[in-house]
Amino acid sequence: MKVFHGRVVVPGEARATALVSHGGFNTLASFQHSLMFGDKTAKCGDQNNPDLYNRPMAGTALCMPQTIGSTTGGMVLYCASAMGRSPACLLFSKPIDSLAAAGAILSDVWTDHPMPTVDSLGDAFLEAVQTGDQIEVASDGTVTVL
Amino acid sequence: MPQYNMRLTPEQTAILEGAKGETMAKIMKTLVMYGETFGATHLEPVTGSMGHLVTSFGLGVMKPVYELMDTLIKEGCVSSQQFTVDPKPIDPKVPAGPIEKLIFKKFMYSAQRSYDDQLAKLGLLSDAAYTCACYFDEVGNTPRQGDVLSWAESSAVVYANSVLGARCNRNSGIIDLFGSIAGVVPCFGLLTDEGRKASWVVEVRTTKKPEAQILGSAIGMRVMEDVPYIRGLDRWLGGELNDDVRAYLKDFGAATASNGAVGLYHIENLTPEAREKGDDLIREDAQVYVIDDAELQRIKAAYPVIWKNPDAKPRLCFVGCPHLSYAQLTEWTMAVYNSLRAMGKTRVAIPTVFTAPPAVIERFNASEYAEKLKATGVILSYICPLMYMNNPLCGKKPVVTNSNKLRTYTSARYCTDEEILSLIVKGVN
């Protein structure tokens with residue numbers, strides 16, 4: 001069991017299976033196909049992300065350094081959340097970027113499915129966590145890799 | 001009400017507490033939470049004359065966005081400034097099979113007409129305001145240096161910050177509109193002098209002018225969301241922001257923003273802030289990235305080709321993501337026209353679409369170049385190639401493009417300008 005402490009961006013608790021992207025998470029490229037064509041598991045459509053390509057993202061503890069790409073990113077996360085296809089929580093090793101923050105905050109303020117979001121967990125977090133690990137997020141920003 | 005660290009005016013606090021209704025309170029709460037996340041000190045008035053929104057597509061399944069828009073309109077929460085918006089996703093002129101057309105109209109963009117109506121009610125500048133390159137003179141949404149903007153669209157934000165010297169964060173869709181409605185944006189990041197300093201120095205040491213789209217891709221993938229200060233590029237671009245250079249920087253910036261998350265770059269001796277402040281823009285602990293011919297070759301060779309048959313003959317070519325400027329459009333027209341004539345041909349070998357803003361198309365159609373382009377068989381459209389490529393059948397269609405942004409988000413294969421010209425003129429044996 002490994003414990004990490006980050007900063008709370010959107011408070012909340014979650015318990016989910018880790019899905020880890022070691023490179024920047026391209027939100028539009030990852031979600032657009034699944035949102036358009038009714039894939040409730042939200043399989044990642046980003047061909048440039050070997051860690052995630054074709055893996056289901058809905059309900060996971062999505063671990064990444066930051067998000068990258070189109071400025072539709074926050075809106076895409078908001079839609080995924082409102083449609084019940086978002087990750088259970090967002091966990092960032094680095095300080096969160098503006099697009100991911102927008103998505104997390106829009107989901108918190110405007111939907112009934114907020115995504116607890118913690119950033120600044122450190123590079124050691126992404127080195128330690130592996131896809132398939134069980135993750136527990138506490139409301140104070142403590143993230144436990146079980 | 002939660003305690004916020006940000007300094008709010010009495011009016012902003014009252015809005016947060018519901019003085020202008022629940023919806024306006026939620027808009028303000030969203031902006032304040034967004035700012036608090038990044039340590040914003042206050043909300044800065046938007047001084048740019050117009051906004052720019054990234055969401056132009058009426059995608060039937062994205063109901064949550066349209067329901068939110070309905071709520072905003074119903075509650076009178078419309079934009080306090082006019083805005084432009086990204087290109088439309090459908091144009092009947094662009095080649096598509098009958099099944100694709102059915103998918104576009106009935107399944108994908110079934111909400112287009114109603115969303116266009118929503119945009120008009122929220123403050124859209126005009127029916128011709130659909131383009132990602134809103135900053136072109138013909139379109140009329142060109143910020144001044146120092147203007148504070150509430151824009152989204154990564155390629156437009158990076159251009160406005162870097163080439164025009166405006167101030168805008170990489171806002172997300174919806175946040176862009178909220179800032180235009182509230183008339184304020186949180187002051188952090190690229191709105192501040194400190195946030196505009198470079199944490200990377202990029203040394204360009206190539207033996208020829210680097211392809212804008214590959215150079216931008218390389219820098220974006222390396223620096224992610226940081227600000228790069230680029231040395232050595234002025235050797236190839238010169239020191240004047242003329243039409244050619246602005247077009248180069250548009251394409252370069254789009255690649256940095258889509259392959260990474262760059263919102264601002266400085267180019268030594270060229271972009272406005274680099275000319276004014278020079279090395280003072282570089283942080284003391286800045287990292288260095290050297291780019292030579294081999295590095296650009298390595299970057300291009302690493303792009304995956306996800307066509308079912310990597311050796312397939314291209315069935316469609318897109319040029320213009322972001323939209324082409326008038327100068328680029330005339331240059332491409334003459335390049336194709338003259339190359340075809342030199343080979344004794346009249347029409348392109350691969351169906352090809354050039355994309356540009358409606359206002360640029362109008363200017364072009366009134367010029368002597370229009371007939372020349374028509375003669376080559378190239379289609380001129382206002383469409384967003386990215387939205388076109390989102391249909392599921394495109395996954396199987398071999399499409400080529402000179403846009404690194406289009407490559408990043410779709411199955412389109414990237415080719416340099418020279419390769420594209422050769423492909424569409426000569427075809428593939």
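Residues numbered from 1 in each chain as written. Chains lettered and ligands numbered in written order. Predicted model: local features only at pLDDT ≥ 70, side-chain atom pairs only at ≥ 80, totals over all residues. Heavy atoms only, no water.

## Things to note about the overall build of chain A
Piece 1. A tally of regular secondary structure across chain A gives 4 helices and 10 strands.
Piece 2. Relative to the 2.2 N^0.38 estimate, which gives 15 Å for 146 residues, the radius of gyration of chain A is 13 Å and therefore close to what a compact globule would have.
Piece 3. Counting the 146 residues in chain A, one finds 62% classified as buried.
Piece 4. Distance between charge centres in chain A, computed from 8 positive and 13 negative side chains, equals 7 Å. (Helix = DSSP H or I, 4+ residues; strand = E, 2+ residues; numbered from the N terminus. Rg over C-alpha atoms; globule rule 2.2 N^0.38 Å. Buried < 20%, exposed > 50% of the residue type's maximum accessible area, 1.4 Å probe, protein only. Lys, Arg positive; Asp, Glu negative; His and termini not counted. Charge placed at Lys NZ, Arg CZ, Asp CG, Glu CD.)

## Quick notes on a nonpolar patch on the surface
All names here are of chain A.
Piece 1. A surface patch of nonpolar side chains, about 330 Å² in accessible area, is lined by Met1, Val3 and Leu146.
Piece 2. Within the element layout of this structure, Val3 appears in strand S1 (residues 2-5).
Piece 3. Of the residues examined, Val3 reaches a relative accessible area of 43% and is grouped as partly exposed. (Patch = residues over 30% accessible without salt bridge, like charges linked within 9 Å, V, L, I, M, F, W, Y side chains within 5 Å. Areas by Shrake-Rupley, 256 points an atom, 1.4 Å probe, with all protein chains shown as cover. Salt bridge = Lys/Arg side-chain N within 4 Å of Asp/Glu carboxyl O.)

## Quick word on unusual backbone geometry
Piece 1. In this model, Cys321 of chain B is joined to Pro322 of chain B through a cis peptide bond whose omega is 5 degrees.
Piece 2. Tracing the sequence through the fold places Pro322 of chain B in the loop between strand S9 (316-319) and helix H13 (326-342).
Piece 3. Backbone geometry places Ala42 of chain A, a non-glycine residue, at a positive phi of 55 degrees.
Piece 4. Note on placement: Ala42 of chain A falls in the loop between helix H1 (27-36) and strand S5 (61-64).
Piece 5. The backbone of Asn54 of chain A shows a phi angle near 75 degrees, a positive value even though the residue is not glycine.

## What to know about the side chain of Asp147 of chain B
Residues and elements named next belong to chain B.
Piece 1. If you trace the backbone, Asp147 turns up in the loop between helix H5 (112-122) and helix H6 (154-162).
Piece 2. Using a relative accessible area of 6% as the deciding quantity, one classes Asp147 as buried.
Piece 3. With near-sequence residues (within four places) excluded, Asp147 lies in contact with Thr47, Gly48, Ala166 and Arg167. (Contact = heavy atoms within 4.5 Å.)

## Details of the domain arrangement of chain B
Residues and elements named next belong to chain B.
Piece 1. Segmenting chain B into domains produces domain 1 (10-191), domain 2 (195-301) and domain 3 (316-426).
Piece 2. Computed from C-alpha atoms alone, the centre-to-centre distance between domain 1 and domain 3 is 28 Å.
Piece 3. Tallying the contact residues gives 28 residues for domain 1 and 29 residues for domain 3.
Piece 4. For the pair domain 1 and domain 3, the summed buried surface comes to about 2300 Å²; carbon and sulfur atoms form 68% of the total. (Domains from an automatic or database assignment. Buried area = accessible area lost by both parts, 1.4 Å probe.)

## What to know about the interface of chain A and chain B
Piece 1. Contact residues are listed per partner, giving 37 residues for chain A and 49 residues for chain B.
Piece 2. Both faces considered, chain A and chain B share a buried interface measuring about 3600 Å² in area, 67% of it formed by carbon and sulfur atoms.
Piece 3. The interface formed by chain A and chain B contains 0 salt bridges.
Piece 4. For the pair chain A and chain B, the interface holds 13 residue pairs in polar contact (both at pLDDT 80 or more).
Piece 5. The set of elements that each furnish at least two residues to the side of chain A that touches chain B consists of strand S2 (7-10), H1, strand S6 (67-68), helix H2 (73-82) and helix H3 (98-110) of chain A.
Piece 6. If one sorts the elements of the side of chain A that touches chain B by residue count, H3 of chain A sits on top with 9 residues.
Piece 7. In the side of chain A that touches chain B, the residues fall into 20 nonpolar, 14 polar and 3 charged. (Polar contact = N/O pair within 3.5 Å; in protein donor to acceptor, adjacent residues only side chain to side chain. Nonpolar A, V, L, I, M, F, W, Y, C, P; charged D, E, K, R; others polar.)

## Description of the pairing of S9 of chain B
All names here are of chain B.
Piece 1. With burial as the criterion, each face of S9 is covered, one bearing Leu316 and Phe318 and the other bearing Cys317 and Val319.
Piece 2. Examined bridge by bridge, S9 and strand S12 (residues 399-401) share 3 bridges and lie parallel to one another. What sits directly across from Leu316, in S12, is Val399.
Piece 3. In this sheet, strand S10 (residues 352-355) lies alongside S9 in parallel orientation, the contact comprising 3 bridges. Opposite Cys317, over in S10, you have Thr352 as the bridge partner.
Piece 4. For the handedness criterion, the β-α-β arrangement of S9, H13 and S10 is classed as right-handed. (Pairing = 2+ DSSP bridges. Right-handed = clockwise from strand over helix to strand, strands pointing away.)

## Focus: the packing of H2 of chain A against H3 of chain A
The axes of two packed helices give the description: the angle between them and the distance between them.
Residue and element names in this part refer to chain A.
Piece 1. Where H2 contacts H3, the two axes come as close as 7 Å, and the packing angle between them is 35 degrees. For H2 against H3, the interelement crossing comes out right-handed. For the pair formed by H2 and H3, the contact residues are Gly73, Gly74, Leu77, Tyr78 and Ser81 on the first element and Leu99, Ala100, Ala102, Gly103, Leu106, Ser107 and Trp110 on the second.
Piece 2. Grouping the constituent residues of the contact of H2 with H3 by class yields 7 nonpolar, 5 polar and no charged. (Axes fitted to C-alpha atoms, helices over the stretch in contact; angles between N-to-C directions. Left-handed = near helix turned anticlockwise from the far one by under 90°.)

## Some details on a negative patch on the surface
Piece 1. Together, Asp244, Glu331, Asp417 and Glu418 of chain B line one region of the surface with negative charge.
Piece 2. By secondary structure assignment, the location of Glu418 of chain B is in helix H18 (residues 417-426).

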